[in-house]
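# Examination of the molecular architecture
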Amino acid sequence: MAFGLLRPARRKFGVCAKSAAAVLLCFRHQGRAWREKLTKKTCGAARVADVGAAIELNGWVNRRRDHGGLIFVDIRDHEGVTQIVFDPQHPAFAQAETLRHEDVIRVHGAVRKRPAGTQNAKLRTGEVEVAVAELFIHSRSTVPPFPIAGDEAVDENLRMEYRYLDLRRPRLQRNMRLRHNMVKAIRDFFDDRGFIEIETPMLIKSTPEGARDYLVPSRLHRGTFYALPQSPQLLKQILMIAGFGRYMQIARCMRDEDLRADRQPEFTQLDVEISFCTQEEVLELMESAMKFAWKRALGEEIVHDFPRLQHADAMQRYGSDKPDLRFGLELREVSEIFASSEFKVFRAQSDDPKGAVIGVRYPGGAALSRRDFDALTEVAKQFGGKGLVWIALGAGETKSSAAKFMTEENVSALRSALDAQTGDALLLFADERSAALAVAGKMRNEVAERCGLRDPQRFAFAWVTDFPLFERDEETGAPTPAHHPFTAPRDDQWDLLDRNPLAMRAQHYDLVLNGWELGSGSIRIHNAEFQRKIFALLGISGEQIEDRFGFFLRALDYGAPPHGGMALGIDRLAMIAVGEENIRDVVAFPKNQAARDMMMDAPSHVPDRLLRELSLQIKDETGK
RNA sequence: GGCGUUGUAGCUCAGUUGGUUAGAGCGCCGCCCUGUCACGGCGGAGGUCGAGGGUUCGAGUCCCUUCAACGUCGCCA
């Protein structure tokens with residue numbers, strides 16, 4: 001153990017009198033002229049054209065190759081890696097022998113061409129190297145808990161606890177840079193088109209609907225709370241009323257809900273709002289913004305218009321309001337095939353107008369074993385299904401979990417309905433129509449995943465339009481907003497509000513990318529009277545309306561322009577663009593699944609003094 | 001809150017039907033090495049097998065409880 005203590009202590013004072021003397025010696029040797037020509041460069045900069053130049057490099061020790069008589073060190077910074085060479089005759093050699101991973105150094109030296117045959121094509125700087133004249137050690141690193149130089153898999157616990165080290169690694173360096181480029185492109189795009197970025201407050205009023213609010217207790221008004229914004233929705237509408245016309249913001253939003261791979265409690269939205277606009281204008285603008293960002297940040301030209309699907313159409317064809325259009329495998333309703341079937345479960349759904357039998361094709365699925373299909377059935381149950389019936393269209397024979405009930409006519413009708421070929425399998429789901437579509441839609445994605453059809457290098461954007469204005473609350477049966485209560489219905493449908501609100505279509509649109517919902521937008525209600533009617537329909541009393549939304553309704557009373565806009569999840573956008581499957585990999589300091597910051601260890605207890613100032617008292621930490 | 005996966009050296013992992021002293025690669029430490037670039041060679045240190053309990057002559061391995069991370073359902077207007 002004594003040795004273990006001695007060693008770091010010695011290294012900590014590595015910049016000793018002896019090496020300082022060596023530095024002086026070095027400068028005397030090189031002469032003043034050389035020193036004056038010294039230019040500072042990044043570690044990704046040196047090229048053959050720089051040969052002979054005197055340069056300064058600062059960075060981390062990425063790798064060290066000690067040949068005893070000759071030491072190579074790869075020095076790394078945000079721009080790249082350069083090989084530096086220590087010659088045994090040089091005074092800095094002894095110091096170079098003490099360098100370890102992640103030590104931070106500065107070197108002065110001469111760029112020189114590498115000897116023939118020793119160039120490294122993997123490095124941008126690989127044709128040259130720097131012959132070190134002087135070494136200065138800015139700081140030493142203890143041995144990192146995981147390797148920094150590569151991108152090998154590391155436990156998420158460790159990565160988040162040592163986030164600054166994880167961020168040093170190539171993958172997150174690349175991800176954060178690409179995210180920046182994308183956001184920069186978006187800002188430039190909107191700036192060019194006359195939008196201005198306006199910041200909206202983080203401390204706002206809690207409004208009842210939607211996600212759970214993060215609350216901030218007020219010291220000056222004890223017993224009351226600010227809420228952190230779930231989105232700047234009402235503020236941006238008020239900015240339209242305030243006459244700003246074209247607003248955008250890269251806005252932080254907070255929602256206190258459970259996390260997922262694509263959800264963090266705080267996240268970033270591209271928030272856009274425009275006065276005097278139509279839905280069509282918003283779609284065209286946002287589509288152009290995406291194309292511009294893709295070109296600038298990824299160098300990829302998206303030439304085709306984004307496909308547009310009506311909500312009902314998306315549900316019927318893909319069983320989802322965020323269909324993944326990288327592949328086909330459309331769902332087909334095959335209810336009528338079972339109209340006179342012996343198969344009671346399917347016939348019941350076929351006969352019931354609310355029921356349906358939905359089929360999905362599984363390319364090459366006939367090769368699956370019974371056991372595989374059993375496992376697939378379990379997956380279907382996890383997706384909320386009652387199960388599934390499978391038909392394997394083998395070359396020799398057709399097998400099925402419902403072979404007893406399946407006639408040859410049934411099979412051939414299904415086969416043609418689903419455009420299936422020999423070697424495919426068919427998966428059938430019978431349930432209430434919306435439930436059957438939902439399960440089949442999830443299974444469609446699952447099948448595509450298994451067939452390798454979800455290529456992360458492909459980007460399939462799509463618009464989903466004509467959402468219903470309201471959905472039926474599953475518990476109470478009452479109408480509840482499909483989007484939010486400020487969404488305008490189609491202009492020709494206001495008369496339905498009193499008669500049949502659930503039939504109303506909204507001027508509401510979603511942008512979808514590779515099966516992820518990137519964001520939603522709508523044309524908003526700009527008439528206080530209509531807005532009051534919507535609140536009333538949602539069962540909010542007059543008193544509550546005044547208490548929660550009074551400020552907003554008053555604003556609407558002073559001449560509100562027609563307006564609409566959209567909000568896009570920047571984190572998700574970046575995640576998909578860089579090909580990650582987890583949002584944490586495009587966020588510098590993410591929270592874990594339990595919403596903890598593992599690096600800072602937040603949230604944490606606070607001193608009683610702070611609580612007293614806020615008139616707060618913790619009653620029971622277990623929350624029971 | 002429910003369900004699932006994972007947890008063995010600093011890291012990534014292996015560990016057979018329960019059986020002697022728990023292994024490998026990388027990293028780390030020491031010595032050697034003048035053209036490497038995942039440098040190489042020789043030697044060495046390093047383990048609460050997530051934690052607790054149980055079954056057993058004997059548990060990394062079987063059972064129960066629990067903790068953590070991740071995924072997912074609920075939730076996310």
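Note that the coordinates shown come from a computational prediction; the quantities given were computed from them, not determined experimentally.

Conventions adopted
- Residues numbered from 1 in each chain as written.
- Chains lettered and ligands numbered in written order.
- Predicted model: local features only at pLDDT ≥ 70, side-chain atom pairs only at ≥ 80, totals over all residues.
- Heavy atoms only, no water.
- Helix = DSSP H or I, 4+ residues; strand = E, 2+ residues; numbered from the N terminus.
- Contact = heavy atoms within 4.5 Å.
- Areas by Shrake-Rupley, 256 points an atom, 1.4 Å probe, with all protein chains shown as cover.
- Lys, Arg positive; Asp, Glu negative; His and termini not counted.
- Charge placed at Lys NZ, Arg CZ, Asp CG, Glu CD.
- Pairing = 2+ DSSP bridges.
- Axes fitted to C-alpha atoms, helices over the stretch in contact; angles between N-to-C directions.
- Core = buried A, V, L, I, M, F, W, Y, C linked by side-chain atoms within 4.5 Å.
- Buried < 20%, exposed > 50% of the residue type's maximum accessible area, 1.4 Å probe, protein only.
- Salt bridge = Lys/Arg side-chain N within 4 Å of Asp/Glu carboxyl O.
- Polar contact = N/O pair within 3.5 Å; in protein donor to acceptor, adjacent residues only side chain to side chain.
- Near = heavy atom within 4 Å.
- Expected span 1.5 Å × (residues − 1).
- Arc of directions from axis to C-beta.

## Let's talk about the overall build of chain A
- A count of helices and strands for chain A gives 19 helices and 23 strands.
- Taking the principal axes of its C-alpha atoms as reference, chain A extends roughly 95 × 75 × 55 Å.
- In chain A, the proportion of contacts linking residues at least 24 apart, taken out of those at least 6 apart, comes to 66%.
- A total of about 32100 Å² of accessible surface is found on chain A, and carbon and sulfur atoms cover 51% of it.
- For chain A, the separation between the mean place of its 87 positive charges and that of its 89 negative charges on side chains is 8 Å.

## What to know about the sheet that holds strand β12 (residues 308-310)
- Reading across from one edge, β7-β10-β11-β23-β22-β21-β18-β12 is the order of the eight strands in this open sheet, with mixed pairing throughout. The open sheet has two edge strands, β7 (196-197) and β12, and neither has a second partner.
- Pairing analysis gives three bridges linking β12 to strand β18 (residues 461-465), with the strands arranged parallel. Across the sheet, residue arginine 308 finds its bridge partner in β18, namely tryptophan 463.
- Taken strand by strand, helix α7 (residues 170-192) contacts β7, β10 (246-254) and β11 (266-275), and its axis lies near 150 degrees from that of β10.
- Most of the contacts of helix α8 (residues 233-241) go to β11, to which it runs at about 25 degrees, and overall it touches β10, β11 and β23 (563-569).

## Observations concerning the nonpolar core
- Residues Ile186, Phe190, Leu270, Met286 and Phe461 are the most contacted members of the largest nonpolar core, which totals 68 residues.
- Tallying contributions element by element places helix α9 (residues 279-298) first for this core, with nine residues.

## Describing the side chain of aspartate 213
- With respect to the helices and strands, aspartate 213 occurs in the loop between β7 and β8 (215-217).
- Buried charge without a partner: aspartate 213 forms no salt bridge, and the closest opposite charge is arginine 255, 8.1 Å away.
- Polar side-chain contacts of aspartate 213 include one of 2.5 Å to the side chain of serine 206.
- Within the structure, aspartate 213 has its side chain in polar contact with the side chain of glutamine 230 (distance 2.5 Å).

## Section: the protein's contact with RNA strand B
- Around RNA strand B there are 50 residues in total, and Asp66, Thr118, Glu129, Glu257 and His483 lie nearest to it.
- The sugar and phosphate moieties of RNA strand B supply 51% of its atoms located within 4 Å of the protein.
- With respect to RNA strand B, the side chain of histidine 67 contributes an N or O atom lying 3.2 Å from a sugar or linking oxygen.
- Elements with a contribution of two residues or more to the surface near RNA strand B: β2 (54-66) and α5 (156-161).

## What about the environment of serine 275?
- For serine 275, the location among the structural elements is in strand β11.
- For serine 275, a relative accessible area of 10% gives the class buried.
- Along the primary structure serine 275 and phenylalanine 244 are separated by 31 residues, whereas in three dimensions their C-alpha atoms are 8.1 Å apart.
- Not counting residues up to four positions away in its chain, the partners in contact with serine 275 are Met240, Gly245, Pro561, Pro562 and His563.

## Looking at the pattern of salt bridges
- Within this structure, the stated rule accounts for 49 salt bridges.
- Of the charged contacts, one joins aspartate 66 and arginine 64 as a salt bridge, the two residues approaching to 3.5 Å between their closest N and O atoms.
- Residue aspartate 66 is classed as partly exposed on the basis of its relative accessible area, which comes to 36%.
- One salt bridge in this structure joins glutamate 333 and arginine 433, with 2.6 Å as the shortest N-O distance. With glutamate 333 in strand β13 (residues 332-333) and arginine 433 in helix α14 (residues 433-450), the pair connects residues that are 100 residues apart, well separated along the chain.
- For glutamate 333, a relative accessible area of 25% gives the class partly exposed.
- The exposure class of arginine 433 is partly exposed, given its relative accessible area of 25%.
- One network of salt bridges, in which partners are shared, links Glu156, Arg159, Arg163, Asp166, Arg169, Arg171, Glu580, Arg584 and Asp585.

## Re helix α12 (residues 370-382)
- The first and last C-alpha atoms of α12 sit 19 Å apart over 13 residues, in line with the 18 Å expected at 1.5 Å per residue.
- All of the buried residues along α12 are Phe373, Leu376, Thr377, Val379 and Ala380. Along the axis of α12, the buried positions cluster into a sector of 155 degrees, meaning they face one direction only. Residues of α12 that are exposed and point over 90 degrees away from its buried face: Arg371 and Gln382.
- Of the residues trailing α12, glycine 384 is marked for its positive phi of about 95 degrees.

## Considering the pairing of strand β15 (residues 389-393)
- Taking burial as the measure, the five residues of β15 include five buried ones, the bulk of the element.
- Along β15, one buried face is formed by Val389, Ile391 and Leu393 and the opposite face, lined by Trp390 and Ala392, is buried too.
- The pairing of β15 with strand β17 (residues 425-432) spans four bridges and is antiparallel. By the bridge assignment for β17, isoleucine 391 is matched with leucine 426.
- Looking at chain direction, β15 and strand β16 (residues 398-400) are connected through three bridges and run antiparallel.

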